[in-house]
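A look at the structure
Okay, here's what each chain looks like letter by letter:
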Amino acid sequence: MGNWIINHGLSAFILVVWMGINIFLFVYYYLFYDQGPQFEYTRELLGSALPWARAPAAVLNFNCMLILLPVCRNLLSLLRGSFICCGRTMRKQLDKNLTFHKLVAYMIALMTAVHTVAHLLNAEWYTNSFQGQYGPLAGNLSMLDDSSELKTTYLNPVRSNSTTPTLLVFTTIAGLTGVVITLALILMITSSMEVIRRSYYEVFWYTHHLFIIFFAGLVFHGAGRIVRSQQVTDPPHNTSFCEDQPENWGKNPECPIPQFAGGFPQTWMWVIGPMIIYLCERLLRFIRYMQPVSYRKIVIRPSKVLELQLVKPGFKMAVGQYVFLNCPAISQLEWHPFTMTSAPEEDFFSVHIRSVGDWTEDLIKMVENLPEGGQGPKMAVDGPFGTASEDVFDYEVSMLVGAGIGVTPFASILKSIWYKFKDSDPKLRTKRVNHAMVHFDKDTDINTGLKQKTSYGRPNWDKEFEQVRQENPSSVVGTFLCGPQALAKDLEKKCVKYSEVDPRKTKFYFNKENF
């Protein structure tokens, strides 16, 4: 348990706080609408569907406020820099931004389902109440209309016997925006499935931009004020006394005609801040899109891997960071993330692009067809953005694990280590990098110049972790992975297993790249 707390304690605490807020909001607003006296007549028409519709709405407001923040990458990079004084555990939470983004999305999907079903029942019960199917009280409440002459206000939005639940849904602001929001959400969630995102990234990219329609509908969703509550009148309308004698409303001084009004829309107040932050993010992306980028070198590597060495004025990077690339000749809207393989000490930045999907295939074909000495297509660059690998030099001992194209962030790290050792950088804390063995027939690694070389293949992790622990009995070891989720689970378990609870002994901290 102590080892688990070392690696996951703060993440678990944040998750518990988030879930606790969700539960509190749901329970609080459920009881508010289920027991609040101002909604007693509303419940007469809608029954328990009222709290079941409104409680998820409160949870939706909270999570829709959060959903954009984990994908505001410039904000995260700014926070990462601000948390330098707060320790690596705090900064590690920023590397789980996409995991949190998905969790919030799941909560939004769940609450949307509950909210939608409850409101579909509400539409049915509004109609039935107007038709007198739920007794004289519900019928009298449904007959109330907006009338300045009679000084009455309506409670039931259904105003005609010809109004059906379907017609109510498609002729009200709440209903129409609700349909649009739900359809946009379904498309975004289904296109975000792993198989679609990996194989048809363009489908994921374009459908995910339905979030613009989603948030626009969300802001206007409550404008119709379809759920109404009883207002305070003078003299007051005593609900418990008057509900059994609706025929005397307006005649008995103790039973004036009840007045109703819709609640003030609140969703926009929850989401306006994150929307402005995200708008600033996109504005910054547009500014970067307009900045010129030139090619230093273009190389076609084996296995259809394209290396681009690029130069951009004022561009500064750190090890392990990534950029988003846009090629207008292929698509002016698509931006794709790529880890930089160059070192900060170099006067250019490079990326290695593997042929996966239409966009990368089109780019590689375009480059292959260039004339000798020709410049590549126009390229726009957004970034750089921070990742877990930025912290590699904060550890005295680091283990770098890359699978497939996932070796790219570590190319940057190994190059930077070579430069730092060459220049005798006094700020370098790292004394050893594990698993750096390539070209075993050489005395040093051909890429990095280090005596330890990069090794390929699947290692025996228990053996490797035990060896590192024995050789570094009092060190904090940073374990960095860029690779598949299955490997991440294995390494996470090993970090927990081989970490010592004693603060004077070896501890393994797991860090994973996320895009």
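So, here is what we can say about the structure in this document. (Residues numbered from 1 in each chain as written. Predicted model: local features only at pLDDT ≥ 70, side-chain atom pairs only at ≥ 80, totals over all residues. Heavy atoms only, no water.)

**Observations concerning the packing of helix α3 (residues 49-66) against helix α6 (residues 97-130)**
Viewed as axis vectors pointing N to C, α3 and α6 meet at an angle of 150°, and their least axial separation amounts to 8 Å. Considered as vectors, α3 and α6 are oriented roughly antiparallel to each other. Pair α3 / α6 crosses with left-handed handedness. Classifying every residue of the contact of α3 with α6 gives 19 nonpolar, 5 polar and 1 charged. (Axes fitted to C-alpha atoms, helices over the stretch in contact; angles between N-to-C directions. Helix = DSSP H or I, 4+ residues; strand = E, 2+ residues; numbered from the N terminus. Parallel < 35°, antiparallel > 145°, perpendicular 65-115°, else oblique. Left-handed = near helix turned anticlockwise from the far one by under 90°. Nonpolar A, V, L, I, M, F, W, Y, C, P; charged D, E, K, R; others polar.)

**A word on the nonpolar core**
Ranked by internal contacts, the top residues of the largest apolar core, which has 29 residues, are C64, I108, F214, F215 and L218. Those elements giving two or more residues to this core turn out to be α1 (2-35), α3, α6, α9 (173-191), α12 (211-221) and α14 (267-290). Here this core gets 6 residues from one element, more than from any other, and that element is α3. The residues contacting I108, other than those within four sequence positions of it, are L60, N63, C64, I67, L185 and F214. (Core = buried A, V, L, I, M, F, W, Y, C linked by side-chain atoms within 4.5 Å. Buried < 20%, exposed > 50% of the residue type's maximum accessible area, 1.4 Å probe, protein only. Contact = heavy atoms within 4.5 Å.)

**Describing a nonpolar patch on the surface**
Together, F264, W268, M269, I272 and I276 line one region of the surface with nonpolar side chains, adding up to about 490 Å² of accessible area. You can see M269 is positioned in helix α14. (Patch = residues over 30% accessible without salt bridge, like charges linked within 9 Å, V, L, I, M, F, W, Y side chains within 5 Å. Areas by Shrake-Rupley, 256 points an atom, 1.4 Å probe, with all protein chains shown as cover. Salt bridge = Lys/Arg side-chain N within 4 Å of Asp/Glu carboxyl O.)

**Quick look at the packing of aromatic side chains**
Taken as a whole, this structure holds 29 aromatic pairs when the rule is applied. Seen from their ring centres, Y41 and W249 are 5.5 Å apart, and the 50° between their planes marks the pair as tilted. With Y41 in helix α2 (residues 40-46) and W249 in the loop between α13 (239-242) and β2 (260-262), this residue pair connects regions lying 208 residues apart in the sequence. In terms of burial, Y41 and W249 fall into one category: buried. Seen from their ring centres, F465 and Y498 are 5.9 Å apart, and the 20° between their planes marks the pair as stacked. Taken together, the residues F465 in helix α17 (residues 461-471) and Y498 in helix α18 (residues 485-498) connect sequence positions 33 residues apart. Overall, the relative accessible area of 0% leaves F465 in the buried class. For Y498, a relative accessible area of 7% puts it in the buried group. (Phe/Tyr/Trp six-rings, centres within 6.5 Å; stacked < 30°, edge-to-face > 60°.)

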